[in-house]
Structure formats: C-alpha cells, structure tokens
Amino acid sequence: MEIYEADTIERYNRYFGFETRHPLVSIVHFDDTVYQPTHCMHFGFYALFLKNTTGCKIKYGKTNYDFDDETVVSFAPGQTVGIQRLEDGPAPIATGLLFHPDFLLRTPLGQKIKQYSFFSYASNEALHLSSEERTILQDYMDKIERELQHPIDKFSKSLIVSNIEVMLNYCMRFYERQFITREELNNSTIGRFEILLDEYLDSGMGLTEGTPAVKYFADKVCLSPNYFGDLVKSETGKTAQEYIQLKMINYAKSSLLDPRLSTKQIAELLGFQHPQHFIRFFKKQTGNTPREYRLQIK
C-alpha cells in the first residue's frame, strides 16, 4: 500500500476534500459524504480522532488498534497509520482534531506536549468513552471549531491552544479511569511483567541482552512502551523504569551476600558492560558502593 505523506494539515485536508481554515490546526468531520479509501498515511502533526461508529480498522505497525465506536485514538508526528474500510460496512463517522507542532511554539502546551504519552500508545490501547465523557470531548472540539470559524484576532491562538490543552487533560483523566476499570486485565499484565522481570534477572539474561529495558517487557506483554509505562505507574505508583531498577537493586543486594560472586560478575549478570557503571548505579540507589554494602552486612 502506497504511503501518503500528510506532512501538513493542508495536504491532509486536500486528500479528503476538507476545507483548510488555518494552516496549523483543523477540526475535520468524517461521515458518509466523505470519500474514505483504504490508505496508509504518514502524519506530520498531532491528530486525535473521536469515533462515533464502527466502519474501519486502523493499523499502526503490525498491530490493529482497539478502535470501535465511542473511542478515541491519537497519533503523533512521525507515525505511519493504515486505514482499512470494512467491506460492505457503513462509512465510519468521526470527528478529528489536527494540530501541527509549530502551532504550539512559544506556548506552555508546547513545552509539555510530550507529557501526553497517549499520543504514542500503539496497540489495543484506544480510549473507550462513556456517553458523558464523549460529550465532554465533543464539546471542546466544537469550541475549537467555532474559534476557527471566527475571524482571527490576537486572542485566537491562545483560546484554541487553551481548549486543546483542556481536552488533552480530560483524555489523561479518562485514560486513568480506564486503567482502573480494567483492573483485572491490568493486574494480569503487572503479574506477567513481574514474572518476566524475575526470569530475566534469575536466568542471567543480562549477560547477552544487557540491562533490562522497559521496551523489552512492553513488547512481551504486547503493549506500547508508553501505555505500558503508564499502566505500571497507575498500578504500582512507580514508573516502569523505577520498578525495574528496584528489582535490580534487590537482585544485586542478594547477590552481594554470596562471597563467591565478585562485583564484576554481578555487574555482568545485571547487564552492565563495565563494573564502574554498576557501582555508580548501586551507590545512587542505596547510598553505598557494593563493597561498602558487603562490609556492612558481614
């Protein structure tokens, strides 16, 4: 499938026949009057779609999105997404918010846009909405659209950016709610993560794979690193990296009890290429060097 380069909002709108009212931000409406072919598109801007009905499948990489009716998916600049119309199905109905990174230059939102990690969620991670939640997001899309229809003045940009930011904050809140309401699934994911992490450390995989990384475990549980990290944070109160480091420290402390293992051997088992890197890591986490720790526990 040929990839369409939607590096600008104007090019995206031209592809679907939408009007471009502003070169850096747009609200678009998909319904049965819009030509929606199967396509693959590379995004050069942020996009958030509020979907009302089924009618298409969305694929990012090799994985299908969990994108049904009453859901939201988000894309960040640089992502390539495939859209496939369902055979003999109705045209998907959705509203989209598009905004280019340049629109956020010199704004507080531009400084913290990367905090909205859901833009990098990739597989089976769409935001599922209640009717009330959907109404809230639609209301902010309507506010942004009304502002785009208003003649541009000195207040236009700040009002649009403010509404985008509030909308993104609501998405963060709703994702937190989703983590809670999917408690059984989340617990099984955390349990699987813990088992995988223990196996990684106990089997000495660090010798060949290096220090355990968030992406490795996210891949194993079939989640994107950002979604996985947010899930771990929601369930444990620690980031995935903090959780891994805590396990590494506990493993190191246990290993230091064994006089047969040298600091160099323990460092290698944990995946450190150089013992001094392990020593710095251990001291940062515990306040003592491995040698000092061994002297304390004798």
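Residues numbered from 1 in each chain as written. Predicted model: local features only at pLDDT ≥ 70, side-chain atom pairs only at ≥ 80, totals over all residues. Heavy atoms only, no water.

### Focus on the overall build of the protein chain
From N to C terminus, the protein chain includes 12 helices and 10 strands. Within the protein chain, the fraction of its 298 residues that count as buried is 47%. Taking all contacts inside the protein chain whose residues are at least 6 apart in sequence as the whole, residues at least 24 apart take part in 72%. (Helix = DSSP H or I, 4+ residues; strand = E, 2+ residues; numbered from the N terminus. Buried < 20%, exposed > 50% of the residue type's maximum accessible area, 1.4 Å probe, protein only. Contact = heavy atoms within 4.5 Å.)

### A few points about helix α9 (residues 240–256)
Between the first and last C-alpha of α9 there are 24 Å, a value that for 17 residues agrees with the 24 Å anticipated at 1.5 Å per step. Along α9, the residues classified as buried are A240, Y243, I244, K247, M248, I249, Y251, A252, S255 and L256. (Expected span 1.5 Å × (residues − 1).)

### Focus on unusual backbone geometry
Although it is not a glycine, R106 adopts a positive phi angle of roughly 60°. Secondary-structure assignment places R106 in the loop between β9 (94–99) and α2 (108–112). Residue R106 is classed as exposed on the basis of its relative accessible area of 80%. One non-glycine residue, C222, lies in positive phi territory at about 60°. The residue C222 is located in the loop between α7 (214–220) and α8 (225–236) in this model. For C222, a relative accessible area of 55% puts it in the exposed group.

### Here we look at the sheet that holds strand β7 (residues 71–75)
Strand order in the open sheet formed by 5 strands is β2-β9-β4-β7-β10, and the pairing between neighbours is antiparallel. Strands with a single pairing partner mark the edges of an open sheet, and in this sheet they are β2 (25–30) and β10 (127–128). Across the sheet, helix α1 (residues 9–16) is in contact with β2, β4 (46–51) and β9; its angle to β2 comes to roughly 20°. (Pairing = 2+ DSSP bridges. Axes fitted to C-alpha atoms, helices over the stretch in contact; angles between N-to-C directions.)

### Side note on the pattern of salt bridges
For side chains bearing opposite charge, pairing can occur when the charged atoms are close. Across all of its chains, the model carries 11 salt bridges by this definition. In this structure, the salt-bridge partner of E10 is R14, at a minimum N-O distance of 2.6 Å. Separated by 4 residues within a single helix, E10 and R14 lie in helix α1, roughly one turn from each other. Of the residues examined, E10 reaches a relative accessible area of 34% and is grouped as partly exposed. One salt bridge connects K247 with D198, and the closest N-O pair in it is separated by 3.0 Å. One end of the pair, K247, is in helix α9; the other, D198, is in helix α5 (residues 183–202), with 49 residues separating them in the sequence. (Salt bridge = Lys/Arg side-chain N within 4 Å of Asp/Glu carboxyl O.)

### Some words on the pairing of β2
Buried residues dominate β2, accounting for 5 of its 6 residues. Across 6 bridges, the pairing between β2 and β9 is antiparallel. If you follow V25 over to β9, its bridge partner there is F99.

### Focus: the nonpolar core
Grouped together as the largest cluster of nonpolar side chains are 64 residues, with contacts concentrated most on F99, I164, L168 and F228. With residues up to four places along the chain from it excluded, the contact list for F99 reads I9, L24, V25, F45, Y46, L104, I113, F119, I164 and L168. Membership of the second largest hydrophobic core comes to 20 residues, among which are Y4, Y12, F16 and F30. (Core = buried A, V, L, I, M, F, W, Y, C linked by side-chain atoms within 4.5 Å.)

### Considerations on the packing of aromatic side chains
This structure, assessed with the given rule, holds 31 aromatic pairs. Aromatic side chains F118 and Y175 sit 5.8 Å apart centroid to centroid with 20° between the ring planes, which places their arrangement in the stacked category. Of this pair, F118 sits in the loop between α2 and β10 while Y175 is found in helix α4 (residues 156–181), placing the two residues 57 residues apart along the sequence. With respect to burial, F118 and Y175 carry one shared label: buried. Stacked on the ring of Y4, the Lys or Arg R11 has its end atom at 4.8 Å from the ring centre. One cation-aromatic arrangement involves K157 over F103; the distance from NZ or CZ to the ring centre is 5.7 Å. (Phe/Tyr/Trp six-rings, centres within 6.5 Å; stacked < 30°, edge-to-face > 60°. Lys NZ or Arg CZ within 6 Å of the ring centre and 35° of its normal.)

### Examining the packing of α9 against helix α10 (residues 263–270)
Contact pair α9 / α10: the axes reach a minimum separation of 10 Å and the direction vectors enclose 150°. Judged by the inter-axis angle, α9 sits roughly antiparallel to α10. Where α9 crosses over α10, the two elements pack in a sense that is right-handed. Only I266, L269 and L270 of α10 make contact with α9, whose side of the interface consists of M248, Y251, A252, S255 and L256. Per-class residue counts for the contact of α9 with α10 are 7 nonpolar, 1 polar and no charged. (Parallel < 35°, antiparallel > 145°, perpendicular 65-115°, else oblique. Left-handed = near helix turned anticlockwise from the far one by under 90°. Nonpolar A, V, L, I, M, F, W, Y, C, P; charged D, E, K, R; others polar.)

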